[in-house]
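Fold and contact review
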Amino acid sequence: MNVGAIGNAVVDFFGGAQARPQPKDIATDLANRVERGEIDAAKFAERLEGRYGERAVGIIRDDGSVDVKRLSALLETSAPAPRRQPGAVPSGPALNGQETLQTQLINEFGNDAAAKVIDTDGKVDFGALVDLVKDAPPTRVGPGYLNEKV
């Protein structure tokens, strides 16, 4: 049995969180675009200072280059909190992977179905999980479900 494929199916089924670009990657991309002339350095500096105030002063250097390290730090400290997917179960130190899976299974398919997948010792029966996801219709309809008809 290919556990990787099962894991991917579970992530796809529950609409796994999409990766957000990291502040360093955004800063590097913006710096490259300024360097290539796609973004006007003076206008970019003005927009940064207008949005972030004194914290943005000096990120665009006198020569028109971008201080990637400072821009990255600014973006990191100003980044919005990650959005929760609709219907997503909050995660954190209180929930481990099996507890999260169990909660999601209960929410989607009910207690009986979850009990067939995760035994009392907390072990996951991947065969039962695949069968459940493949055969049982979810209790709610939304994006990311297997065999969804659009």
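Remember, it's a predicted structure, so these values are computed and weren't measured experimentally.

What counts, and at which threshold
- The residue numbers shown here count from 1 along each chain, following its written sequence.
- Only residues with pLDDT of at least 70 are given local features in this predicted model, and only at 80 or more are side-chain atom pairs given and counted; all residues enter the totals for whole chains, interfaces and linings.
- Side-chain numbers come from the whole structure's heavy atoms, not from hydrogens or water.
- A helix here means a DSSP run of H or I that spans at least four residues, while a strand means a run of E at least two residues long, and both kinds are numbered starting from the N terminus.
- Relative accessibility under 20% of the residue-type maximum defines a buried residue, over 50% an exposed one, and the middle range a partly exposed one, all with a 1.4 Å probe and only protein chains included.
- Two residues form a contact once any of their heavy atoms are found within 4.5 Å.
- Accessible areas in this description were obtained via Shrake-Rupley with a 1.4 Å probe; residue shielding takes into account the shown protein chains only.
- Only buried residues count toward a nonpolar core. Its members are Ala, Val, Leu, Ile, Met, Phe, Trp, Tyr and Cys residues joined through side-chain atoms within 4.5 Å.
- Pairs of N or O atoms are called polar contacts if they sit within 3.5 Å, as long as, within protein, a hydrogen donor faces a hydrogen acceptor (for residues adjacent in sequence, only side-chain-to-side-chain pairs).

Take the overall build of the protein next. When helices and strands are tallied, the protein shows seven helices and zero strands. Secondary structure elements of the protein occur, N-terminal to C-terminal, as α-α-α-α-α-α-α. For the protein, the residues scored as buried account for 29% of the 150 residues in total. In the protein, 50% of the contacts between residues at least 6 apart in sequence involve partners at least 24 apart. Surface summary for the protein: the accessible area is close to 10600 Å², and the carbon and sulfur share equals 51%.

In this section: the side chain of D67. With respect to the helices and strands, the residue D67 is situated in the loop between helix 3 (41-52) and helix 4 (68-78). The buried category is assigned to D67, whose relative accessible area is 15%. Filtering out sequence-adjacent residues up to four positions away, D67 remains in contact with I59 and R61.

So, about the environment of L48. If you trace the backbone, L48 turns up in helix 3. Owing to a relative accessible area of 7%, L48 belongs among the buried residues under this scheme. Separated by 23 residues in sequence, L48 and L71 have C-alpha atoms that sit 9.4 Å apart. Not counting chain neighbours up to four residues away, the residues in contact with L48 comprise G53, A56, I59, I60, L71 and L74.

This next bit is on the nonpolar core. General note: in soluble globular proteins, nonpolar side chains tend to be found buried as a group. Ranked by internal contacts, the top residues of the largest apolar core, which has 17 residues, are F44, L48, I59, I60, V66, L71 and L74. Ignoring anything within four residues of it in the chain, the contact list for I59 reads L48, S65, V66, D67, R70, L71 and L74. Judged by nonpolar contacts, the second largest core, of twelve residues, contains L105, I118, L129 and L132.

Bringing the side chain of S72 into the picture now. The topology assignment puts S72 in helix 4. With relative accessibility at 9%, the residue S72 sits in the buried group. A distance of 3.4 Å separates a polar atom in the side chain of S72 from the backbone nitrogen of K24. Discounting chain neighbours no more than four positions away, the residues touching S72 are P23, K24 and A27.

Our next topic: the environment of A56. Following the sequence through the fold, A56 ends up in the loop between helix 3 and helix 4. By relative accessible area, which is 3% here, A56 ends up buried. On a C-alpha basis, the gap between A56 and L74 in space is 7.4 Å, while along the polypeptide they are 18 residues apart. Aside from chain neighbours lying at most four places away, what touches A56 is L48, E49 and L74.

In short, shape yes, function no, at least from these values alone.
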